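The lines below spell out each chain.
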Amino acid sequence: MSPAPDPSDTPALSQVLRELDVILANAGVGIVFVKSRMVVRCNQRYAEIFGFDSPEAAAGTPSAGLYETEDAARSLGARAYPVLATGETFRGEQLMRRQNGELFWAHLTGRLVHADDPAAGSIWIVDDIHERKLADAALYDLHAEQQLIFDHAMVGIVFLRGRRVTRCNRAFEQLFGYEPGELDGQLSRVWYLSDEAWKAAGDQCYAPLARGDAFHAEMLLGRKDGTPVWCEVRSKAIDRSDLSRGSIWITQDISARKQAELELVQAKAQLEALVAQRTEQLSQTVAALELKVAEQQAAEARAQRLAMFDALTGLPNRHLLADRASQAIDIARRGDEPLAVLFLDLDHFKNVNDSLGHRIGDTLLTQLAARLRGAVREQDTVARTGGDEFVLVLPLTDIAGAAHLATKLMALASAPFQVDQQELTVTPSMGIAMFPTDGDDFDMLFKCADAAMYRAKKDGRNAYRFFTSEMQAQSARALQLENALRRALERDQLSLHYQPQFALDADGGDGGYGAGGAARILGAEALLRWHHPELGWVSPAEFIPIAEATGLILPIGEWVLREALSQLRRWDAAGLPELTMAVNLSAVQFRHDDLPELVARVLGELGMPAERLELELTEGAAMDNPAVAITVMNELHARGVRLSIDDFGTGYSSLSYLKKFRVGKLKIDQSFVRDLTEDAEDRAIVDAVIRMAGALGLQTLAEGVETAGQLDFLRRHGCEAVQGYLFSRPLPAAAFAEFVLNGQMVSV
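The rules behind the values
- Residues numbered from 1 in each chain as written.
- Predicted model: local features only at pLDDT ≥ 70, side-chain atom pairs only at ≥ 80, totals over all residues.
- Heavy atoms only, no water.
- Helix = DSSP H or I, 4+ residues; strand = E, 2+ residues; numbered from the N terminus.
- Buried < 20%, exposed > 50% of the residue type's maximum accessible area, 1.4 Å probe, protein only.
- Pairing = 2+ DSSP bridges.
- Axes fitted to C-alpha atoms, helices over the stretch in contact; angles between N-to-C directions.
- Contact = heavy atoms within 4.5 Å.
- Polar contact = N/O pair within 3.5 Å; in protein donor to acceptor, adjacent residues only side chain to side chain.
- Phe/Tyr/Trp six-rings, centres within 6.5 Å; stacked < 30°, edge-to-face > 60°.
- Lys NZ or Arg CZ within 6 Å of the ring centre and 35° of its normal.
- Patch = residues over 30% accessible without salt bridge, like charges linked within 9 Å, V, L, I, M, F, W, Y side chains within 5 Å.
- Areas by Shrake-Rupley, 256 points an atom, 1.4 Å probe, with all protein chains shown as cover.
- Salt bridge = Lys/Arg side-chain N within 4 Å of Asp/Glu carboxyl O.
- Expected span 1.5 Å × (residues − 1).
- Arc of directions from axis to C-beta.

An unreviewed UniProt entry lists the protein under the name Diguanylate cyclase (GGDEF)-like protein/PAS domain S-box-containing protein, with Pelomonas aquatica as the source organism.

Take a look at the structure:
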């Protein structure tokens, strides 16, 4: 070890200080020196965590401002001071605040510089643990979901370690006749009929579990009262490399099936005995024997059908359903495609059987099965899993499709049934689970759909629910808006508002908005609005995607184009100056084959010059298929229509394509304009866009201008046009006309 540097040795001291600075600058945690509740000095990582531009920017700031509230800062001090005062290190977790106001969780480690002199200040180490806290919360939610599934599974589940019970569900306890908690800590020997059977089971399962394989067998086990019970058991090691961590066992009672198999074996033995007795009379009984064989074959065929299909409705039963569902899920997984599982149960169906008899109930179920079969596609599977429960497996079905079908099935199942001159009405409750969001295999999807169905019953019955409340809310709202939007045009619920657009002049008189100059109105942007009598004003951000997904955007878009140009003609007749009209195009409209012909036809019908129309399309729409975009733009340009790129800078434009696009204007997105006076990066981006547009011979228009400072920056850097609340918010047609007539030139 090198000798300690002599403090009087200035080069050695300088080297130590440099090494210390390097350590602080490159530390993975924030380090700060606080004195009198002020930040005296910190490292780069501390500045990054709290959003300071540099360590120097953080110096001199009050440490209390870094907490959620002043009370939170005082609370931490009250907890930390008694520890620090003893010379010990304080450690704890605290909710902190970044410079942008964002709250985050941090781990704090603090110690006084001098334990006997608190005024000398303290050193704190800050570690950003926000992502870990979020992960811990997500893990807790996942554990809660798994616990629900565990507690409500229809099969017995038990965890063993050292062949002792560490945990089991209620279904497992009930299977073997034990009270809740009675099996905790017990050896698995208690449900075997003998020591030999217990030892043999351990010998059987050890080898496959050690290989990481699943163990599967049928075993004769014993209930608490000694009654034997046949069980199908499946097991797997939790960690095949460390069998001491235990294993999970899933157990299902198959006594009824085994009894049926035994009876079949006995029947076969009796038949063989009968054949042996009649051997001597073979010549006389050949015909009878052939008939018996035929009857046996028919019985086996019926048994095979009963094994795969529901005897009452003819629908696939649970076994065939599981097979078909697994195949459909495999196909969906390979193709990265959606799939839905829908669980349907009739509300209060027991009342039908109890009051009218099982024959009436069976007839009703048969009619319902026919309705369900007729409502789905050929590739869908409709199965009856027992009683009044039906399960549908729906390949290539997303959330919206599942909600649509569920609504259809609600109407079908609720329609009256005619049974023996009686009209019966029942209602369904349905649960929906989505692949792969809610589960990766059929068992999990079935359980999730079952849980969602019980949620529908809990919420009042006669309804459907998705496994997640977010999906349920999303589908319900989307379906409501889709149905309302289909009638919005004919019911005159759609309207246009118009936001003025201004050209900036480089010189002019002083004004009230900025540092001198004038703004001359040059046009308007038509903005679609929807007011529903019950829903009120619906945001375009919500209904435009629905219109695009359903194809309604095409008739709505044509109406917007026609209405905007008609309004422009009415303004001309009212004496307004000659303005341009900007109309937004969605990606769906832009991809439609007859867009250029539609635009030309509307212009011709209204007698409006093409150069008065400016079509705005987003970067995403243009870059979705650049080759097609260029062709469409060329056709529109040839007809004299102006084109602009809306929301520029928010997409992923390629400059090699941008110079080929027949556009005359780039609209700078308001997200860059909003913080122009505070954010250096936004100023650099806007300046770069204006310069690039100038180099390409394109005009620029900035959206969302709200302050004089923003306007001053844009004018100084050569932006040619603006729109925003500094001048006017979007106005109805009459208010827009009054705005223009009252002042065509605005001092800014």
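There's plenty left to go through after this.
> Just checking my understanding: could you explain the overall build of the protein for this structure?
Along its length, the protein carries 26 helices and 27 strands. Within the protein, buried positions represent 41% of all 748 residues.

> What is the right way to look at the sheet that holds strand E12 (residues 381-386) in this model?
Think of a sheet as strands paired side by side through backbone hydrogen bonds, with each pair either parallel or antiparallel. Spatially, E12-E13-E11-E16-E17 is the arrangement adopted by the 5 strands of the open sheet, whose pairing is mixed. Unpaired on one side and paired on the other, E12 and strand E17 (464-466) mark the two borders of the sheet. This sheet shows a mean twist of 20° between the axes of neighbouring strands, independent of strand direction. Relative to strand E13 (residues 389-395), E12 runs antiparallel, the two being bridged by 5 bridges. Note on E13: the bridge partner recorded for Val-382 is Leu-392. Helix H12 (residues 358-375) contacts strand E11 (339-346), E12 and E13 of the sheet and is inclined by roughly 155° relative to E11.

> Looking at this structure, I do not really get the side chain of Glu-232. What am I missing?
Relative to the elements of secondary structure, Glu-232 occurs in strand E9 (residues 228-237). In terms of polar contacts, Glu-232 uses its side chain to reach the side chain of His-216, at 2.8 Å. If we skip the residues at most four places from it in the chain, Glu-232 touches His-216, Ala-217, Glu-218, Ile-250, Thr-251, Gln-252 and Ile-254.

> Just checking my understanding: could you explain the packing of aromatic side chains for this structure?
Between two aromatic rings, the relevant description is the distance of the centres plus the angle of the planes. Tallied over the full model, the rule gives 16 aromatic pairs. Residues Phe-176 and Trp-191 carry aromatic rings whose centres are separated by 5.9 Å and whose planes lie at 25° to one another, so their mutual orientation is stacked. Placement of the pair is Phe-176 in the loop between helix H6 (170-175) and helix H7 (195-211) and Trp-191 in the loop between H6 and H7, with a sequence separation of 15 residues. Grouping aromatic residues by their ring pairs yields a cluster made of Tyr-46, Phe-50 and Phe-104. Directly above the ring of Tyr-725 sits Arg-729, whose terminal nitrogen or CZ lies 4.3 Å from the centroid.

> Teacher, can you tell me more about the environment of Tyr-46 here?
Assignment of secondary structure puts Tyr-46 in helix H2 (residues 44-50). Assessed through its relative accessible area of 3%, Tyr-46 is described here as buried. Each C-alpha atom, one on Tyr-46 and one on Asp-128, is 9.5 Å from the other, the two residues being 82 residues apart in sequence. Residues within four places of Tyr-46 in sequence aside, it is in contact with Gly-30, Ile-31, Val-32, Val-39, Leu-66 and Val-126.

> Hey, could you run me through a nonpolar patch on the surface in this one?
On the surface, a nonpolar cluster with roughly 220 Å² of combined accessible area is contributed by Val-275, Leu-282 and Leu-289. Inspection of the secondary structure puts Leu-282 in helix H9 (residues 282-308). On the basis of relative accessible area, Leu-282 is assigned to the partly exposed category, the value being 44%.

> Help me out: how do you make sense of unusual backbone geometry in this one?
Note: most peptide bonds trans; most residues except glycine with negative phi. A cis amide bond links Phe-435 with the next residue in sequence, Pro-436, at an omega value of 0°. Unlike most non-glycine residues, Ser-36 shows phi in positive territory, near 55°. Assignment of secondary structure puts Ser-36 in the loop between strand E1 (30-35) and strand E2 (38-42).

> Looking at this model, I keep getting lost on helix H10 (residues 318-335). Mind explaining?
Helical geometry: 3.6 residues make up each α-helical turn, so side chains three or four residues apart lie on a common side. Taking 1.5 Å of rise per residue, 18 residues should cover 26 Å, and H10 covers 25 Å from first to last C-alpha, within 8% of that figure. Listed in full, the buried residues belonging to H10 are Leu-320, Leu-321, Ala-325, Ala-328, Ile-329 and Ala-332. For H10, the buried positions fall inside an angular range of 160° around the axis, keeping them on one side. Facing away from the buried side of H10 by over 90 degrees, the exposed positions are His-319 and Arg-334. Its side-chain oxygen 3.2 Å from the backbone nitrogen of His-319, Asn-317 forms the N-cap of H10. Positioned one or two residues after H10, Asp-336 has a phi angle of 50°, which is positive.

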